[in-house]
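Results of the structural survey
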Amino acid sequence: MASLDRVFELNFKSEGEEELLTDLYDWALPTPFQEKRHLEKIEGTETSPQTWRMKERMKTVSVALVVCLNVGVDPPGIIKTQPCARLECWIDPLSLSPQKALEQIGNTLQKQYERWQPRARYKTSLDPTVDEVKKLCTSLRRNAKDERVLFHYNGHGVPQPTSNGEVWVFNRNYTQYIPLSIYDLQTWMGSPSIYVYDCSNAGLVIKSFHQFAEQHEKEYEEMCAKSAVLSGSLPPNFNGCIQLGACGENQILPMNPDLPADLFTACLTTPIRIALKWFILHNKDKLIPKIVPEMIDKVPGLLNDRRTMLGELNWIFTAITDTIAWNILPRNLFQRLFRQDLLVASLFRNFLLAERIMRTYDCTPTSSPKLPPTSQHPMWAAWDFALDLCLSQLPGVLEEMQTTQAAASANGIVPVEPVIASYAPSPFFEEQLTAFQVWLEYGSESRQPPEQLPIVLQVLLSQVHRVRALELLGRFLDLGWWAVNLALSVGIFPYVLKLLQSSARELRPLLVFIWAKILAVDHSCQSDLVRDGSHKYFISIVGDTSLPFEHRTMAVFVLTNIVRNFRQGQQAALQANSIATCLEALDENDRELRRWVCICLGLTWADFSPARWCGVRDSAHEKIYSLLNENDPEVRAAAVYALGTFINSTTERTEHANAIDHQVALTLVNKLSTDEASPLVRQEIVVALHNFMLVFENNFVAIEQHNIINQELQSSPAGGGGMRRISSQTRMKLLNSSNPAATVTGAESHSSNFDPIRRVASSSSLSSLMVAFSPGSAGSGKSTLAMGGIYGKVYSTMIQFEKDPYPGVSLLAKTVMDHIRTKAKELLSSTGQLKLSMTSASLSPSFSSTSPSTLTTSPLHRGLTNSVSSAVSVGTTGSVNSDVNGDGLKSTKDICPIIGTKYIQWCWDRFARPTIPGHSNGLGFNFSRPMTNVMDTQDPTHHTREWRYIRNTMVRKECFRRPKAFPGKIDEQVFSSRTLQHSHGSTPTSASASPSFSFALTTATPSIVRLHDYEKLLLASEGSTYSLYDIGETQRLIGKWENSNDSRITSMEWLNAHDESLVMVGSDDGSIRAWKPDLEKGKPKLIISWNALSEIGQMTKSSKSLGLIAKWDQEREKILATGDSKVVRIWDLKSELKVGDWPTGHDCLVTSIDIHRSEPNLVVLGLEEGAVRLIDIRLPQTECGVITWRDFNESWIVDASLRYDGTIVAGSSTGRVRFFDLRSRSSTKTIDTVTDITALAVHPHIPYFATGCLNHSVNVYGFQGSQAFLANSIRDGLFISGRMGTVTSLHFHSYKPLLATADSYSINLYKSKSWIL
């Protein structure tokens, strides 16, 4: 036993495997098929309808100011205190004569309103009569038409409103108070209107208003019932009117002498002034001694100049009131009151202040629609702080102003607005941005929205904080579509739209990111960009090579949105030379930029012929061809999409247009049809070729007609009972069907100058269509088309896609081909040619023995050929295909695509999602980089992956450490599928005659078994199904699934065994599928599938069939595929493209293939004819064969494995195992295992190999140098599995002395007693 221990230690040491012991090995391994395109459905996300954009914009165009003061006379019913409030519009009416006071108050009130809406038409009515009010209201409504009219009522000089819904005015002599019914006022004012009631008991007026509104509606309904003429007129909508009242029902206005009498009007029209006054009155003991109420009239600055003290206060007030309203009001109500009308928005902002101030004097301002209480909102504390900072600086500022003005006057200088050096701007906005930034650190959709969002909008108006505000806004929009909707609802859109007029370069990356996020959610903004000419802003960014790729990519995305299904956008982009700019960007070395440029080009010329011809002049399609070889499948898919819309975008069919379409279709077929592994790209190819088939539909219908007729001819009885009679009527049909005038134009003869009278031979017409075709050999059941023509190639390619292993691809192709088949059958039925062809098939009993050449020149074939041509010709003029032009082609404008993908919508959706943390695009975040390269240490999946990698390292270290004890015999059974489910199968009689690979296996016969490298999982295949077993403590069958209904599994591998593993399954039809097993639900998900070896089964010298044999190279992300083929085809799964074909050098089956990480460029092949071949994939394909060992006397090579030390271990079906050194041309060691073998497995790291013997046993061997020994045998009846069937597969665990076996009865697992499973 000591000698065996020594043997183990000497073989086990490997310098090349040392990196497997490092903790970073797993982190460095690639994990293919982890991109978003593999893990999620390729479709867009349905977002909720956008409600931020107002359905109708309104503005207040007329204002009626009705002032009822009757200066000097107190109205009855109200006992005023002495002293009491007297100021009206900040004017003391007793300081002037009554008439002058009234006029000055009216003029001042108008000026106060003009600050908020200077363009409105103002009419003042002072102490009016009922007729004057009626005349005023009706004239304003007539001029305003459908716009809003404001009615301001000051009733301080008249009695309180009555419970009957009346306010008071005067008679002509001012001797009586005359009631004015709100019902009449509604009739005169109409709608939409806004009412302001500055009087006591205002709440009663609002209540009466609603009652009268309902009365108007009832009267309208009654009138409509009596007269049908009125049924078409619009009903009254007084309930939609807006009302603001100074107080509630049974409340009187404050009479505090320190306040103005029109306190409510002062709050609505001069909010800053009244706010300062109220703040001073309520904080007398807390202010500095120099502050007096008279100072508020001397606050320097202008309301609309944010650089001044007064303007900054107004700016802060707007931000705070907007914030309060946005956080308290429902979104639709906020939009209506604060974003629909500038004057209404200003009045409601000021109404919030009025509510706060007047509540302190036992008045509750009311409104309709009713607002929730806002007087206790915490943002008012920020407003008080801003006022306090302003007042604390006010004495110093006023003193500095006086000094400056005195000095200017002394020097004879005309005084101007002085620059106040001692004034320090408020930190309000900077602090609010900081609060917003804190929210962004922890915010999410589940939390309350940030209350500072309206303030961010206001900060955009300031150049000082604009950059920071845009950056924070971008971070907020990046949280998802819900954040974009919130920002749009708060009113961010017009601000960021106006900023596009800025030429500041530092704003470019910020604005382009914000617009990308907005357009990803709301595509309707494209019209706004085109209307303002802002599309040129983004085109200039695309062409600015000094900007980072990320910024230019986002600009292309915005441009793509502008042209997407929007003809005005396409026209504007074309006029701005966007196609040339985008084509130049195709040369940049950034895959995301190239991808979006292709999508942008595809949408620019989609159904837009001028853009297509502009692209033709710039050779756009030829430049896109180079992207068909791009390593990124998403770029290739975008390129195919662009070429597909290029085909289907011309409205005029000319010879030049057809030639270009032929070239595009041929390029797609030649470059990608057989070299593409990505289903994403293949689906786009099907859609692109389907566009081509629809344009040239009649040609493909003709090919299908030919196939249908050939199938009918070959399926009809032709060899029996002698010659059959033919009627003269049938004979005449045959003669008439060969009319030479019935022709179709070929692939090279489409021209706008097509002459419908020109006659050509029918045979030449059909030859030009398909180059040539023959019915094929007798009994083949197939018609062979010569696919040299473009239509034949496209047709053949679509047939291949119809059998594609990926369901999404095959479904698309089948839909197209079903459409073509339906058209062909309809045409044949309509012309009677199908019946004719079936009748003709019965003419000659020797038809099946007719050679193709004879058939081509026979009268029957000529008649058949002309029948196809005639059917197509009829289709070009008949009712079945009436939507074709003179060339026999469909007009593009009449083509309706019958299939499509959601790839473009899926790409759009990625911009609307939150960006992946860890990458930067200049803003601190990114939107499009691969998730596989991102390591977010806070993500729970990262912790899971970290644990998994630590476990993997421990498994490898346990294997590679120098053990003191040999693992021993592999003779302890730890798992058997027989205990789970009993199965039976068939066994061969001779291994060499019927190797394990060619068993006629039933669906219940295990044929392949594979152990997972790290998890306690075992894979097994049974015919067309594969099973997954848990071999741990639970020992259960996790699931059994169908791989493909019409193929047998011939190869299996674990992909990404170090991480989230996938199952790769190869079938005898040449396809490979990768499944993601779900250990909990038990239902796997198909990640990718493709035809890896399309020419499989075409071996001429072999009567056997292996199907597909594949080997997975994890480190290089490559799959090597061979089997029933003369080549080894290598696929790069990172790019999902075929790398190339390396010939095997032998016209026989490849029975095994292996590659090892120590020699990644050397491939070992086991061949059917008993040879082991070594090829070097670094060499040219014609010189790749390095050496061939022919030491097995033409016996079948069961397996050939390349080990870490450069040793090749190969065994033949006769039981002979040979060892080869890469440097030697002959074997270095030979082991005769005595009996014929059906399976062979070599441990990759431990000196073990095992053979499955014909005598229903498994032998385990150890080896070293020239020595080899039989460790143990596993035989019938020694274990819980009972009888052992014929061994079909063996597999060693990569790092443990575990051996999995599959025989015709069960699946079993054995281990060394010294190792723990």
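This one's a predicted model, so the numbers in the text were calculated from it and none came from an experiment.

A count of helical and extended segments in the chain gives 40 helices and 38 strands. Out of the 1317 residues in the chain, the part that is buried amounts to 59%. In the chain, 66% of the contacts between residues at least 6 apart in sequence involve partners at least 24 apart. Of the roughly 54400 Å² of accessible surface on the chain, 50% is carried by carbon and sulfur atoms.

Our focus in this paragraph is the packing of helix α24 (residues 578-585) against helix α25 (residues 591-604). α25 packs onto α24 with a crossing angle of 155° between their chain directions and a minimal axis gap of 9 Å. With respect to their mutual orientation, α24 and α25 come out roughly antiparallel. Relative to α25, the crossing made by α24 is left-handed. Across from Ile 579, Cys 582, Leu 583 and Ala 585 in α24, the residues of α25 making contact are Leu 593, Arg 594, Val 597, Cys 600, Leu 601 and Thr 604. Residues of the contact of α24 with α25, tallied by class, amount to 8 nonpolar, 1 polar and 1 charged.

Turning to its location among the elements, Glu 676 is positioned in the loop between α29 (655-672) and α30 (679-695). At a separation of 2.5 Å, a polar atom in the side chain of Glu 676 contacts the side chain of Arg 636. Setting aside anything within four residues of it in sequence, one finds Glu 676 in contact with Arg 636, Val 681, Arg 682, Trp 1090, Trp 1131, Glu 1136 and Leu 1137.

Taken as a whole and judged by the stated rule, the model has 41 aromatic pairs. Put simply, the rings of Phe 264, Phe 334, Phe 338, Phe 348 and Phe 351 pair up and form one aromatic cluster. Its guanidinium or amino end placed over the ring of Trp 315, Arg 306 lies 5.5 Å from that ring's centre, counting from NZ or CZ.

What follows deals with the nonpolar core. With 279 residues, the main nonpolar core has Phe 151, Tyr 153, Trp 383, Leu 473, Phe 476 and Trp 515 as its most contacted residues. At 12 residues, the largest contribution of residues to this core is made by helix α13 (residues 379-410). Those residues in contact with Leu 473, other than ones at most four positions away along the chain, are Phe 436, Leu 453, Val 456, Leu 460, Ala 487, Ile 492, Val 496 and Ile 514. In terms of nonpolar packing, the next biggest core, distinct from the first, is built from 30 residues, Ala 1171, Trp 1196, Ile 1231 and Val 1242 among them.

Mean pLDDT over the chain stands at 81; residues scoring 70 or higher make up 81%. Counting contacts from residues 835-888, a segment whose pLDDT is below 50, to residues more than four positions away or on other chains yields 104 contacts. Of the regions scoring below 50 in pLDDT, residues 924-934 engages in 43 contacts with residues more than four places distant in sequence or in other chains.

Right, let's talk about the pattern of salt bridges for a bit. As enumerated under the stated definition, the model contains 56 salt bridges in all. Of the charged contacts, one joins Asp 532 and Arg 531 as a salt bridge, the two residues approaching to 4.0 Å between their closest N and O atoms. Given a relative accessible area of 41%, Asp 532 falls into the partly exposed group. Here Arg 1116 ties to Glu 1115 by a salt bridge, and the two come within 3.5 Å at their closest N and O atoms. Accessibility expressed as a relative area gives 30% for Arg 1116, which makes it partly exposed. Salt bridges sharing common partners tie together Arg 37, Arg 591, Glu 592, Arg 595, Asp 632, Glu 634, Arg 910 and Glu 1136.

Helix length check: helix α35 (residues 807-831), at 25 residues, gives a terminal C-alpha distance of 36 Å against a target of 36 Å (1.5 Å per residue), a fit within 8%. Those residues of α35 that sit buried are Val 809, Ser 810, Leu 812, Ala 813, Val 816, Met 817, Ile 820, Lys 823, Ala 824, Leu 827 and Leu 828.

This part takes up the sheet that holds strand β18 (residues 1071-1076). The strand order across the open sheet built from 4 strands is β16-β17-β18-β19, with neighbouring strands paired in antiparallel fashion. The open sheet terminates on both sides in strands that have one partner only, identified here as β16 (1049-1055) and β19 (1085-1091). Ignoring strand direction, the axes of neighbouring strands in this sheet form an average angle of 20°. Pairing analysis gives 4 bridges linking strand β17 (residues 1062-1067) to β18, with the strands arranged antiparallel. When the sheet's bridge partners are listed, Met 1064 is paired in β18 with Ala 1074.

Pairing is antiparallel across the open sheet formed by 4 strands, whose spatial order is β32-β33-β34-β35. Each edge of the open sheet carries a strand with a single partner, namely β32 (1237-1242) and β35 (1267-1274). Sheet twist, expressed as the mean angle between neighbouring strand axes with direction ignored, is 20°. Sheet analysis places β32 next to strand β33 (residues 1248-1253), joined by 5 bridges and oriented antiparallel. Residue pairing across strands places Ala 1239 opposite Gly 1252, the latter belonging to β33.

Within an α-helix, residues lying three or four positions from one another point in the same direction, as the helix has 3.6 residues per turn. The set of residues buried in helix α26 (residues 609-617) consists of Ser 609, Ala 611, Arg 612, Cys 614, Gly 615 and Val 616. On its buried face, α26 is in contact with α23 (567-575), α24, α25, α27 (620-625), α28 (633-647) and α29.

On the secondary structure map, Ser 426 appears in the loop between α13 and α14 (428-442). Reaching out from Ser 426, the side chain makes a polar contact with the backbone nitrogen of Phe 428 at a distance of 3.2 Å. Apart from the residues within four sequence positions on either side, Ser 426 is in contact with Glu 312, Ile 316 and Leu 389.

What follows concerns the packing of helix α10 (residues 309-328) against helix α11 (residues 331-338). In the contact formed by α10 and α11, the axes pass within 8 Å of each other and the chain directions differ by 145°. Where α10 approaches α11, its residues Asp 322, Ala 325 and Trp 326 are matched on the opposing element by Arg 331, Phe 334 and Phe 338.

For the rest of this paragraph, the subject is the environment of Tyr 1204. Tracing the chain through its elements places Tyr 1204 in the loop between β28 (1197-1202) and β29 (1207-1212). It is 5.6 Å that separates the C-alpha atoms of Tyr 1204 and Ser 1158, two residues lying 46 residues apart in sequence.

The element strand β22 (residues 1127-1132) is extensively covered by neighbouring structure, given that 6 of its 6 residues are classed as buried. Residues Val 1127, Arg 1129 and Trp 1131 line one face of β22 and the alternating positions Val 1128, Ile 1130 and Asp 1132 line the opposite face, and both faces are buried. With 4 bridges connecting them, strand β21 (residues 1118-1123) and β22 associate as antiparallel partners. In the strand pairing of β22, Ala 1121 is matched with Arg 1129. In this antiparallel pair of consecutive strands, β21 and β22, the connection spans 3 residues. Looking at chain direction, β22 and strand β23 (residues 1137-1143) are connected through 6 bridges and run antiparallel. Bridge pairing in β23 places Ile 1130 opposite Gly 1140. Between β22 and β23, which pair antiparallel one after the other, the connecting turn spans 4 residues, and Glu 1136 there sits at a positive phi close to 60°.

Cut-off values and rules
Residues numbered from 1 in each chain as written. Predicted model: local features only at pLDDT ≥ 70, side-chain atom pairs only at ≥ 80, totals over all residues. Heavy atoms only, no water. Helix = DSSP H or I, 4+ residues; strand = E, 2+ residues; numbered from the N terminus. Buried < 20%, exposed > 50% of the residue type's maximum accessible area, 1.4 Å probe, protein only. Contact = heavy atoms within 4.5 Å. Areas by Shrake-Rupley, 256 points an atom, 1.4 Å probe, with all protein chains shown as cover. Axes fitted to C-alpha atoms, helices over the stretch in contact; angles between N-to-C directions. Parallel < 35°, antiparallel > 145°, perpendicular 65-115°, else oblique. Left-handed = near helix turned anticlockwise from the far one by under 90°. Nonpolar A, V, L, I, M, F, W, Y, C, P; charged D, E, K, R; others polar. Polar contact = N/O pair within 3.5 Å; in protein donor to acceptor, adjacent residues only side chain to side chain. Phe/Tyr/Trp six-rings, centres within 6.5 Å; stacked < 30°, edge-to-face > 60°. Lys NZ or Arg CZ within 6 Å of the ring centre and 35° of its normal. Core = buried A, V, L, I, M, F, W, Y, C linked by side-chain atoms within 4.5 Å. pLDDT = per-residue confidence, 0-100. Salt bridge = Lys/Arg side-chain N within 4 Å of Asp/Glu carboxyl O. Expected span 1.5 Å × (residues − 1). Pairing = 2+ DSSP bridges.

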